[in-house]
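# Notes for the structure review
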2 protein chains.
Amino acid sequence: MARSSVTALHTGTPADTDTCPAARPGVRAPGRGPCGHCDLGPLAFCDGFAPRTVSNLWRVQCTVPFEAHDTLFREGDPGVAVYSIVSGAVKVYKLMPDGRRQITAFFFRGDMFGFCLGGSYAYTAEAITPVGVCRLPMQRLNDLANTAPEVQDRIVRRMTAKLAQFHDHVLLLGRKTARERVATFLLGLSDRARRRGEPGSPLTLPMGRADIADHIGLTVETVSRAMTRFKREGLLDLPSASQVSIRQPDALRAIAEGATGG
Amino acid sequence: MARSSVTALHTGTPADTDTCPAARPGVRAPGRGPCGHCDLGPLAFCDGFAPRTVSNLWRVQCTVPFEAHDTLFREGDPGVAVYSIVSGAVKVYKLMPDGRRQITAFFFRGDMFGFCLGGSYAYTAEAITPVGVCRLPMQRLNDLANTAPEVQDRIVRRMTAKLAQFHDHVLLLGRKTARERVATFLLGLSDRARRRGEPGSPLTLPMGRADIADHIGLTVETVSRAMTRFKREGLLDLPSASQVSIRQPDALRAIAEGATGG
DNA sequence: CGCTACCTTGAGCGCCCTCAACTAAAGTGG
DNA sequence: CCACTTTAGTTGAGGGCGCTCAAGGTAGCG
């Protein structure tokens, strides 16, 4: 699992913050998160925490870079840390013995994953692009949470949001058609991009068609056909395979919600 | 939404604990939960809490009965309370405009649902059987959690477990065949029954075929066919439509995990 | 005993998967 | 810089699993 110094390429984080003991809390660069580890700003887990809490947090976390295709942890590994993404994209998936794969979630800048109190990870996490993550040791985060309600509360909020996402995704997988799934997926990416302050429409897909397929329960071919058809119909623009421009958001939304779109 | 006195039928809770102010903390019947509201014992949310926390909890919660088909809350309702099931079964689901339904989860004795911090419920909750629930007002639970880390911690644990379940269910919906889905579903019910201290095999299905179908992304007919075939093959016994006896758990498990069970 | 709701069983069809070929883009070595 | 290789995406033809539609069976209930 290579961890070369690709950091500067995707985070702008200086090399001296790559590992735990190296971070310097005193040096808070402009635009940085409260703890000085990252540049997540309001997206940061620790945003708005009391100074004392932040400094306690600072001592337990560290920023780590991964390259594309690196595995952060595997299903069944002891769950020792929670991750917060500073830059890049991560997919988490489960495998069946015969190789069938289900990507249960994608995570982007500002997202957290890896919660599994006192147990093992329920899924494997793999970097899609070069990734910078803030790593929070579970046990020590837990200890801190017991003295700082704001930390525990933040965790609960993150998990609540994730649970709501899962309800939506279960609806998608259980009851939507291929076309509806692709439309829903693209709109979901768009929403999440906007929610982290990025434009919602010229959209860059960090994941390939195979990853999309394994996330929304289809095959590569079906995903490809659906997107091509959306393009033919003028709902999307696809300047390249990984570039998506949403031309008719409302029409796409109607399809995603089940309109019998031709 | 009828709330007649069906309580005695399914909980054994005396009538005077049906609503919040009526419960008497001093009178803890043998076999009761720590707060005296229910008989969940170790399954109770408040099991193991400090006496002071329990008495604070006691003041915010109340036990409420529902009849089968009653709606506890609807998708979009303001999320004012969390529910803990004392007896009976509940289904939660999302609807699409055209009527397609996805049951995202079933809940049984000891389970909690309805978490949605400061927002609206993401799904509708409906009683399958007569149900007794312990109702915990969200805001006051939250206030309590800020002073008692054990409460917050318990919430996080419940949510973590639920998240893991969702990962499994997403795998089921995204990548498993009809046969595998039904096998997985039945084994899941069996596991959960055992985990709350009930026998894992002569299993009583509180939900109908239609509910099962809407949970695992199939149609009634396909569920029925799969179960009939399991019976023909000697993996199950179906003395009645709602009674399931698992004859060959290992074979069933193999199928659930993707063995090419002819 | 008849009504109703639920479950089962059967026949045929359709959406999506499978298999396969082709195209495009990105990396590689001479 | 360009031929070669590799990987990813697209497009087409055909088949199968699960859905649809329909009928028959069965259990609970007035």
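Above this text sits the structure in question.
From a predicted model like this one, the values you see are computed outputs, not experimental measurements. (Residues numbered from 1 in each chain as written. Chains lettered and ligands numbered in written order. Predicted model: local features only at pLDDT ≥ 70, side-chain atom pairs only at ≥ 80, totals over all residues. Heavy atoms only, no water.)

Let us now look at the pairing of strand β11 (residues 243-246) of chain A. Residue and element names in this part refer to chain A. Burial along β11 is one-sided: Val244 and Ile246 are buried, and none of Gln243 and Ser245, which face the opposite way, are. Examined bridge by bridge, strand β9 (residues 203-204) and β11 share two bridges and lie antiparallel to one another. Considered in β11, the bridge of Leu203 is made with Val244. The pairing of strand β10 (residues 236-240) with β11 spans three bridges and is classified as antiparallel. Within the sheet, the bridge partner assigned to Leu236 lies in β11 and is Ile246. In this antiparallel pair of consecutive strands, β10 and β11, the connection spans two residues. (Buried < 20%, exposed > 50% of the residue type's maximum accessible area, 1.4 Å probe, protein only. Helix = DSSP H or I, 4+ residues; strand = E, 2+ residues; numbered from the N terminus. Pairing = 2+ DSSP bridges.)

Attention now goes to the sheet that holds strand β11 (residues 243-246) of chain B. What the three strands build is an open sheet, ordered β9-β11-β10 (chain B); its pairing is antiparallel. A single partner strand is all that each edge strand has here, and the edge strands are β9 (203-204) and β10 (236-240) of chain B.

Note that soluble globular proteins tend to have their nonpolar side chains buried in a common cluster. Counting residues in each nonpolar core, the largest one holds 165 residues, and the members touching the most others are Phe113(A) and Phe113(B). The contacts of Phe113(B), once residues within four sequence positions are left out, are Leu72(B), Phe73(B), Val82(B), Tyr83(B), Ile85(B), Val90(B), Val92(B), Phe107(B), Tyr123(B) and Ala125(B). (Core = buried A, V, L, I, M, F, W, Y, C linked by side-chain atoms within 4.5 Å. Contact = heavy atoms within 4.5 Å.)

Least-squares fitting of chain A to chain B yields an RMSD of 0.0 Å, with the superposition described by an axial translation of 0.0 Å and a rotation of 180°. With respect to symmetry, the two chain copies, as superposed, fit the operation of a two-fold axis. Here 100% of the contact residues of chain A are again contact residues in chain B; the copies associate through an equivalent surface. (Least-squares fit on C-alpha atoms with pLDDT ≥ 70 in both.)

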